Amino acid sequence: MTPQVAEARQRLQQALGAGGLLEAPEDLAYYGSDRCRGGWPVAPSLVVLPRSIAEVQAVVRICAALGLPIVPSGGRTGLAGAATATSGEVILSLERLARVIAVDSAAATLRCEAGVTLQGVQEAAADAGLMYPVDYASKGSAQIGGSLATNAGGVKVIRYGLTRDWVLGMKVVVASGELLDLGGALVKNNTGYDLRQLFIGAEGTLGVIVEVTLRLCAPPADTLVAFVALPDDPAILALFARLRRSRLTLSAFECLDHGCVDRVREHRGAADPPFPEAHPRYVLVEVETPLADEATVEATRDRLMDVLADAQEAGEIDDAVLAGTPAQGRALWALREDISESLHRYTPFKADVALPVAEVAAFLGAFRPLVAARLPGIPALVFGHVGDGNLHLNLLRPPELALADFLARCHGFEDELFALVRDRRGSISAEHGIGLLKRDHLHYSRSAEEIAIMRGIKAVIDPAGIFNPGKIFPPAE
Ligand SMILES: Cc1cc2nc3c(=O)[nH]c(=O)nc-3n(C[C@H](O)[C@H](O)[C@H](O)COP(=O)(O)OP(=O)(O)OC[C@H]3O[C@@H](n4cnc5c(N)ncnc54)[C@H](O)[C@@H]3O)c2cc1C
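Bear in mind the structure is a predicted one, so any value in this text is a computation, not a measurement.

### Observations regarding the domain arrangement of the chain
One widely used convention gives an interface's size as the accessible area the parts lose upon coming together. For the chain, the domain assignment lists domain 1 (3-96), domain 2 (100-215), domain 3 (222-340) and domain 4 (347-444). Here domain 2 and domain 3 have C-alpha centroids that lie 30 Å from each other. Of the residues lining the interface, 5 residues belong to domain 2; the matching set on domain 3 comes to 7 residues.

As structure tokens, then:
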């Protein structure tokens, strides 16, 4: 332990009291990394668990005074290595700031501490008859602070937008230890630069989000779920265009390759397949009904069936099933939502990219043969929120290939992959952020001028660079 860490340890213990500081090797390993398997060293010096905003401020002041960097840490479900501590940082976990403070039904807002899980936020909203619509599979562990710090998206972006669209206000502890109170319940506040937006998606590099005020909305009256089998990638966009024209209210349009369904069924111990025969591609479609009464639900169901029947007649789709009960709807959703979990043990190399929607099929038409040519023997599986042009590209490690060799081959392919994305005016990170994982490829999506401005913002808000150094871009020299 360096003298600096020993000093910090003593001061932090005093500030946080019993249970506020962890240093056992298993705790350092547990809190020291996220769900991204990047192969970086995991080496935090200490883990702190403050219980209040005042304690977060105390931690930041102590670390800043001693020049010890801090990694703000949420549920560590991130997929870009952004919550990983590689060289002696202090992990500042928000897990004990987990109070829902208030739900205002009239204003349709929710105020909570940053460590409340996404699921906790959704449940508190639902208890008040309202909805927080940002939704994704790691909601049981991902925290709302992490959700803001990554500007998380998920499966309903097509209808409800990204986390950024639901943030009314937040409180942030900055490097001086001061607390910035960036709006609360105000809907209108045109008073210069909107500083909130800087902290959303900043991946913990500018400060610690400690409290959040979110907008809520009314939940849909009812939803209908269909699972559709398709022959190829262009058919996915043809169906999307058809549904867009139909005036049905689409709330999800998620694509998945057949291999994803196989992996999910294998992972779960083989549930029934959605169709008797395998099909190359599938799309999960969810539509909202305007009212919950039987006649409206039936009319929406008929309309959806008509659209799918027309698509089948036009040769765009092979088959479709419509969930008849909420349980069937959940089972179809599980085929999509369980993919990440099911692929985890194949140590997949993941790339989360965004394309203009119109470019998705052409991109996949170039991506799939490129993988086959450059990475023979490595299967590629694609799934994603195709309604917003967001594809999750997964390369799976064959069992006979050592992890290090597999990662080396995949990393050797990244430049070609990202060039393909850039050439179609896409983004190398749709919703998972940059973190450590894509730091060295940021230039494929951001110009030198943009990166210089981002560095300038970092230098103003965190002049000594104590927050999450090395994430998004390398630390300043
Ligand atoms: C199965 C699975 C499915 C997923 N699906 C999606 C999806 O559909 N869409 C999507 O967008 N993401 C998805 N993710 C990624 C991940 O869940 C989200 O990025 C999530 O928002 C991260 O929240 P977290 O609390 O786990 O953050 P962490 O992983 O702990 O941290 C992520 C980043 O946020 C920073 N951070 C965390 N808390 C704070 C805070 N309070 N203040 C400042 N900075 C902070 C960290 O320093 C780090 O840079 C998925 C992940 C998994 C494992």
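Having seen the structure, we can now continue with the description.
### Let's talk about the sheet that holds strand β10 (residues 222-230)
If you walk across this open sheet you meet the 7 strands as β13-β10-β12-β11-β15-β16-β14, and the pairing is antiparallel. Every other strand in the sheet has two partners, leaving β13 (319-322) and β14 (349-354) as the edge strands with one partner each. When strand polarity is set aside, the average angle formed by the axes of neighbouring strands in this sheet is 15 degrees. As judged from the 6 bridges shared by β14 and strand β16 (residues 390-395), these two strands associate in the antiparallel manner.

### Description of the pairing of strand β6 (residues 109-113)
β6 sits mainly inside the fold: 5 of its 5 residues count as buried. Burial along β6 is two-sided: Thr109, Arg111 and Glu113 facing one way and Leu110 and Cys112 facing the other are all buried. In this sheet, β6 lies alongside strand β5 (residues 100-104) in antiparallel orientation, the contact comprising 4 bridges. Looking at the pairing, Asp104 lines up with Thr109 of β6. Between β5 and β6, which pair antiparallel and follow one another directly, the connecting turn spans 4 residues, one of which, Ala108, has a positive phi of 55 degrees.

How each quantity is defined
Residues numbered from 1 in each chain as written. Predicted model: local features only at pLDDT ≥ 70, side-chain atom pairs only at ≥ 80, totals over all residues. Domains from an automatic or database assignment. Contact = placed C-beta atoms within 7 Å. Pairing = 2+ DSSP bridges. Helix = DSSP H or I, 4+ residues; strand = E, 2+ residues; numbered from the N terminus. Axes fitted to C-alpha atoms, helices over the stretch in contact; angles between N-to-C directions. Buried ≥ 20, exposed ≤ 12 C-beta atoms within 10 Å, placed from the backbone.

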